[in-house]
Amino acid sequence: MPAQGKHRRPKSTSLSRGLAAVTTGGAVLALPVIGATSAFAAPAPAAAPQAVAPASVSPQANSAAKAAPAQHSVVAGETLSKIAREHSVSGGWEKLYEGNRKIVGGNPDLIHPGIKLVLGAKAAAPSDDKAAKASPSAARGASADRADRSERIEAAPVAKAAPAAEKEAVTYTNDLDGWIKESLAVMAEQGIPGTYEGIHRNIMRESSGNPAAINNWDSNAVKGTPSKGLLQVIDPTFQAYHVPGTSTDSYDPVANITAACNYAADRYGSIDNVFGAY
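In this text the structure is predicted, and so the values were computed from the model without any measurement. (Residues numbered from 1 in each chain as written. Predicted model: local features only at pLDDT ≥ 70, side-chain atom pairs only at ≥ 80, totals over all residues. Heavy atoms only, no water.)

Moving on: the overall build of the protein chain. Across its full length, the protein chain carries twelve helices and six strands. Each of the 278 residues in the protein chain was classed as buried or not, and the buried ones make up 24%. Contacts spanning at least 24 positions in sequence make up 48% of the contacts within the protein chain whose residues lie at least 6 apart. For the protein chain, the exposed area adds up to about 19,900 Å²; of that, 57% sits on carbon and sulfur atoms. (Helix = DSSP H or I, 4+ residues; strand = E, 2+ residues; numbered from the N terminus. Buried < 20%, exposed > 50% of the residue type's maximum accessible area, 1.4 Å probe, protein only. Contact = heavy atoms within 4.5 Å. Areas by Shrake-Rupley, 256 points an atom, 1.4 Å probe, with all protein chains shown as cover.)

Set out below in structure tokens:
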């Protein structure tokens with residue numbers, strides 16, 4: 001035989017190396033041997049659902065979520081230190097005591113159940129006035145705004161006041177009762193004293209309620225100035241004591257009464273003081 005040449009041993013595959021021959025009754029069984037480089041890896045088990053790690057919560061978030069009330073009602077056994085810790089009061093019990101000194105009193109170690117403490121760190125936002133004080137620029141802005149509004153208000157045209165309602169006209173009956181009442185209204189405007197009873201009493205004595213009555217027989221009549229009207233007034237007296245706004249006719253009932261009462265007030269203090277010839 002010709003000399004056998006040297007041949008390079010063919011490179012066995014991993015599969016070939018992984019086979020082992022086993023003889024069992026002459027039969028050859030090829031059994032796979034799983035090595036470290038085997039391509040037949042066991043299927044990986046189903047991945048378990050990953051637990052979602054809870055998101056970290058910042059102290060600020062916890063503080064916001066656990067917002068304390070603006071006030072705390074003290075219960076038995078509590079102390080300022082304990083309350084300050086539970087409500088995270090900024091500045092501790094000293095700040096809590098400082099803000100509630102009037103309520104607590106002079107001894108911070110003695111707090112009575114039932115009193116309500118203002119939690120300074122958790123108190124409501126300051127009012128507009130306090131905010132303005134805290135911020136000078138805001139205060140200046142508010143002042144400027146008020147001044148601007150004031151100028152606008154002053155510059156705005158002032159509406160003319162509506163005219164006062166006219167005095168309701170009063171009607172009087174055209175009889176002795178109506179004449180006396182109308183005369184009393186005029187007398188009240190002029191400040192002339194007198195009452196219904198005083199006027200009525202003297203009219204009944206002087207003229208019996210006749211506005212056209214005239215005395216043509218007494219001394220005044222002899223002088224040419226007879227007494228006229230309800231209260232028997234002579235013309236010189238009527239003219240001297242005539243009340244503006246009334247008739248200039250001495251026989252006019254209202255004009256006659258008011259002139260006579262004006263004269264009686266000047267001479268006797270009031271027509272009420274006249275009980276005879278005057």
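Take the packing of aromatic side chains next. Tallying each qualifying case throughout the model produces two aromatic pairs. Aromatic pair Tyr-241 and Tyr-263: ring centres 5.4 Å apart, planes at 70°, arrangement edge-to-face. Highlighted residues: Tyr-241 in the loop between α11 (235-240) and α12 (253-268) and Tyr-263 in helix α12, separated in sequence by 22 residues. Overall, the relative accessible area of 13% leaves Tyr-263 in the buried class. Taking the centre distance of 6.0 Å and the plane angle of 35° together, the rings of Tyr-263 and Tyr-278 count as tilted. Placement of the pair is Tyr-263 in helix α12 and Tyr-278 in the segment after α12, with a sequence separation of 15 residues. Each member of the aromatic cluster is reached from another via a ring pair, and the members are Tyr-241, Tyr-263 and Tyr-278. (Phe/Tyr/Trp six-rings, centres within 6.5 Å; stacked < 30°, edge-to-face > 60°.)

In this section: the pattern of salt bridges. Pairing is possible between side chains of opposite charge, provided their charged atoms come close. Scanning the entire structure with this criterion turns up four salt bridges. Lys-181 is the salt-bridge partner of Asp-177, the closest N and O atoms lying 3.2 Å from each other. You can see Asp-177 and its partner Lys-181 sitting in helix α8 (residues 176-190), four residues apart, about one turn around the helix. The salt bridge involving Lys-228 is made with Asp-235; its shortest N-O contact spans 3.1 Å. Lys-228 gets classed as buried once you look at its relative accessible area, which sits at 14%. (Salt bridge = Lys/Arg side-chain N within 4 Å of Asp/Glu carboxyl O.)

In this section: the environment of Pro-108. Topologically, Pro-108 is positioned in the loop between α5 (101-104) and β4 (116-118). Between the C-alpha atoms of Pro-108 and Trp-93, which are 15 residues apart in sequence, the distance is 8.9 Å. The residues touching Pro-108, leaving out its near neighbours within four places in the chain, are Leu-80, Trp-93 and Tyr-97.

On to the packing of α8 against α12. To describe two helices that pack against each other, one gives the angle between their axes and the distance between the axes. Contact geometry for α8 and α12: axes closest at 9 Å, N-to-C directions at 50°. The angle between α8 and α12 falls in the class oblique. Crossing of α8 over α12 shows right-handed handedness. Across the interface between the two elements, Trp-179, Ile-180, Glu-182, Ser-183, Val-186 and Met-187 from α8 touch Pro-253, Val-254, Ile-257, Thr-258 and Cys-261 from α12. Along the lines of polarity and charge, the residues of the contact of α8 with α12 split into eight nonpolar, two polar and one charged. (Axes fitted to C-alpha atoms, helices over the stretch in contact; angles between N-to-C directions. Parallel < 35°, antiparallel > 145°, perpendicular 65-115°, else oblique. Left-handed = near helix turned anticlockwise from the far one by under 90°. Nonpolar A, V, L, I, M, F, W, Y, C, P; charged D, E, K, R; others polar.)

Before going further, it helps to spend a moment on unusual backbone geometry. Backbone geometry places Ser-88, a non-glycine residue, at a positive phi of 50°. Structurally, the position occupied by Ser-88 is in the loop between α3 (80-86) and α4 (92-99). Positive phi, normally seen in glycine, also occurs at Ser-208, with a value near 60°. Along the chain, the position of Ser-208 falls in the loop between α9 (196-206) and β5 (214-215).

Take it as geometry only, folks, not as evidence of what the structure does.
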